[in-house]
Amino acid sequence: MSQASRALAYAFETGALAERRALFLRAEDPPFAEIDCEQSFRPDFLKLKRAKPRIESGTWPLGLVLLTKHKEENFANIARAWALLEPGGMLVCSGSNDDGAASLEKQVGKAFGLGGTLSKFHCRVFWITKGEAEPPAYWRGLAGLQPVGDSTWLSRPGIFAWDKVDDGSALLAAHVPGDLAGHVADFGCGWGYLARRMLQPAVTHIDLIDAEHLALDAARANVTDPRASFHWLDLTREPAPATYDTIVCNPPFHTGRASTPALGQSVIEAAARALKPGGRFYMVANRGLPYEPMLKANFASFETLADNNKFKVTKAIAASAPSSKAEPLRRRHSR
């Protein structure tokens, strides 16, 4: 449980706030029963007993929002929760000071007027009552898909690099070869930038896989080719839906604000398991991350295709299947 979740629970345990039927956006462990939880991040969703990736309709007397490090996502979630509140309902937000909760509290207070606040566990909890004031139009607009810069790409807050093509993905896209064929996959597809590059003439099918449901919503809008399918999975815990001729990946390496190289290492292992014999794996990563031992342990070979002193693009080849002649020989030697 995050410190923000602990602070939220504290507000109810101490009686500062009263329990009522509630919805909870970016939910973690609910502070009491009778809460409808929304959690679009698959690893956190799987920890909840009763949750949906998206709550679209209904009304509640109480709304809870767990704030994230992304300011625009917080604006969007506050606007969405506000729209789902009954008239006179209460909206409660909790977030870490390190994620800018104090600043957001001031902005929410300016827009609506605060009903109360408390500070605990290096977090801020603040609440407002739904009256006639409406969230700013900018906040409401962020709840839907937005253009990425001046392009035709669409994205939304809450997705990695939601408002730009990140430099790592751009470098990887420049080194995806033009001879892809068969069944391919984008592990951690985000809003679909790399997947479009992979949809080459000889490709028969592409699986776009991401742990963030918001990313898949955007990817569906950006990748409309009938060869594409979309999968909401935590590849560190759940198997890929198929085996592949080629996998492309810009693996995640953060949990919240903390650097978590083991997360990227788990995705590399998942890619190795999901490749067909002799299949290819193309990956971009910050050059300082400790991924080479994992590549060496899980692939027959690998090589660096590009290194710009910030990001490194690597190509790895899965081991080939043993030949029918080699298998009996191996069995004889093992006796």
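Bear in mind the structure is a predicted one, so any value in this text is a computation, not a measurement.

Peer 1: Describe the overall build of the protein, with residues and values.
Peer 2: When helices and strands are tallied, the protein shows 11 helices and 18 strands. Each of the 335 residues in the protein was classed as buried or not, and the buried ones make up 49%. Across the protein, every contact between residues at least 6 apart in sequence was considered, and the portion connecting residues at least 24 apart equals 61%. For the protein, the exposed area adds up to about 15,700 Å²; of that, 51% sits on carbon and sulfur atoms. In the protein, the 40 positive side-chain charges and the 36 negative ones have mean positions that sit 5 Å from each other.

Peer 1: Mind laying out the sheet that holds strand 5 (residues 85-96), listing which residues take part and the relevant values?
Peer 2: One open sheet accounts for 7 strands, arranged 3-2-1-4-5-7-6; its pairing is mixed. In this open sheet, the two strands that pair with only one neighbour each are strand 3 (51-52) and strand 6 (116-120). Here 5 bridges tie strand 6 to strand 7 (residues 123-129), and the two strands are oriented antiparallel to one another. Residue pairing across strands places Gly 116 opposite Trp 127, the latter belonging to strand 7. On the sheet, helix 3 (residues 71-83) packs against strand 1 (22-25), strand 2 (35-38), strand 4 (60-66), strand 5 and strand 7 and is oriented at approximately 155° with respect to strand 5. Packing against the sheet, helix 4 (residues 101-112) makes contact with strand 5, strand 6 and strand 7, and its axis sits at approximately 10° to strand 7.

Peer 1: Residue-level account of the packing of aromatic side chains, with values.
Peer 2: Applying the stated criterion across every chain yields a total of 12 aromatic pairs. Ring geometry for Tyr 10 against Phe 121: centres 6.3 Å apart, planes inclined by 80°, an arrangement best described as edge-to-face. Of the two residues, Tyr 10 sits in helix 1 (residues 3-13) while Phe 121 sits in the loop between strand 6 and strand 7, which places them 111 residues apart along the sequence. When the ring of Trp 153 is compared with that of Tyr 193, the centres are 5.6 Å apart and the planes differ by 55°; the resulting orientation is tilted. With Trp 153 in the loop between strand 8 (146-147) and strand 9 (154-155) and Tyr 193 in helix 7 (residues 193-198), this residue pair connects regions lying 40 residues apart in the sequence. Each member of the aromatic cluster is reached from another via a ring pair, and the members are Phe 75, Trp 82, Phe 112, Tyr 138 and Trp 139. Geometry around Trp 232 places Arg 42 over its ring, the cationic atom sitting 4.7 Å from the centre.

Peer 1: So what about the layout of surface pockets? Which residues, and what values?
Peer 2: Empty space among the atoms becomes visible once a probe the size of a water molecule is rolled across them. Of the volumes computed, that of the second largest pocket is approximately 320 Å³. In terms of lining residues, the second largest pocket is bounded by 16 residues, among which Glu 28, Asp 29, Pro 30, Lys 47 and Leu 48 are the most central. Among the residues making up the lining of the second largest pocket, the classes are represented as 8 nonpolar, 1 polar and 7 charged.

Peer 1: Describe helix 4, naming the residues involved and giving the relevant values.
Peer 2: For helix 4, built from 12 residues, the straight-helix expectation of 16 Å at 1.5 Å per residue is met to within 8% by its first-to-last C-alpha distance of 16 Å. Within helix 4, the full set of buried residues consists of Ala 101, Leu 104, Glu 105, Val 108 and Phe 112. Seen along its axis, helix 4 keeps its buried residues to an arc of 105°; they face one direction. Residues of helix 4 that are exposed and point more than 90 degrees away from the buried face comprise Lys 106 and Lys 110. In this fold, the buried residues of helix 4 make contact with helix 3, strand 5, strand 6, strand 7 and helix 5 (137-141). The first or second residue beyond helix 4 is Gly 113, which carries a positive phi of 85°.

Peer 1: Describe empty space enclosed by the protein, listing the residues and the values that go with them.
Peer 2: What the rule picks out here adds up to 1 cavity of 30 Å³ or more. Roughly 130 Å³ of volume is contained in the largest cavity. Lining the largest cavity are 15 residues; nearest its centre among them are Arg 54, Glu 73, Asn 77, Arg 80 and Leu 214. With 4 residues, the single largest contributor to the lining of the largest cavity is helix 3.

Peer 1: Describe the nonpolar core, listing the residues and the values that go with them.
Peer 2: Formed by 33 residues in total, the largest nonpolar core has its most connected members in Ile 78, Leu 91 and Val 108. Looking at this core, the elements that each hand over two or more residues are strand 1, strand 4, helix 3, strand 5, helix 4, strand 7 and helix 8 (213-222). No other element matches helix 3, which puts 6 residues into this core. Within the second largest apolar cluster, 26 residues are counted, among which are Phe 45, Leu 199, Leu 216 and Val 248.

Rules used throughout
Residues numbered from 1 in each chain as written. Predicted model: local features only at pLDDT ≥ 70, side-chain atom pairs only at ≥ 80, totals over all residues. Heavy atoms only, no water. Helix = DSSP H or I, 4+ residues; strand = E, 2+ residues; numbered from the N terminus. Buried < 20%, exposed > 50% of the residue type's maximum accessible area, 1.4 Å probe, protein only. Contact = heavy atoms within 4.5 Å. Areas by Shrake-Rupley, 256 points an atom, 1.4 Å probe, with all protein chains shown as cover. Lys, Arg positive; Asp, Glu negative; His and termini not counted. Charge placed at Lys NZ, Arg CZ, Asp CG, Glu CD. Pairing = 2+ DSSP bridges. Axes fitted to C-alpha atoms, helices over the stretch in contact; angles between N-to-C directions. Phe/Tyr/Trp six-rings, centres within 6.5 Å; stacked < 30°, edge-to-face > 60°. Lys NZ or Arg CZ within 6 Å of the ring centre and 35° of its normal. 1 Å grid on protein atoms, 1.4 Å probe; cavity = no way out; pocket = protein on both sides within 12 Å on 5 of 7 lines; lining within 4 Å. Points joined across faces, edges and corners; volume = space filled by probe spheres on them. Nonpolar A, V, L, I, M, F, W, Y, C, P; charged D, E, K, R; others polar. Expected span 1.5 Å × (residues − 1). Arc of directions from axis to C-beta. Core = buried A, V, L, I, M, F, W, Y, C linked by side-chain atoms within 4.5 Å.

Just geometry here; none of it tells us what the structure is for.
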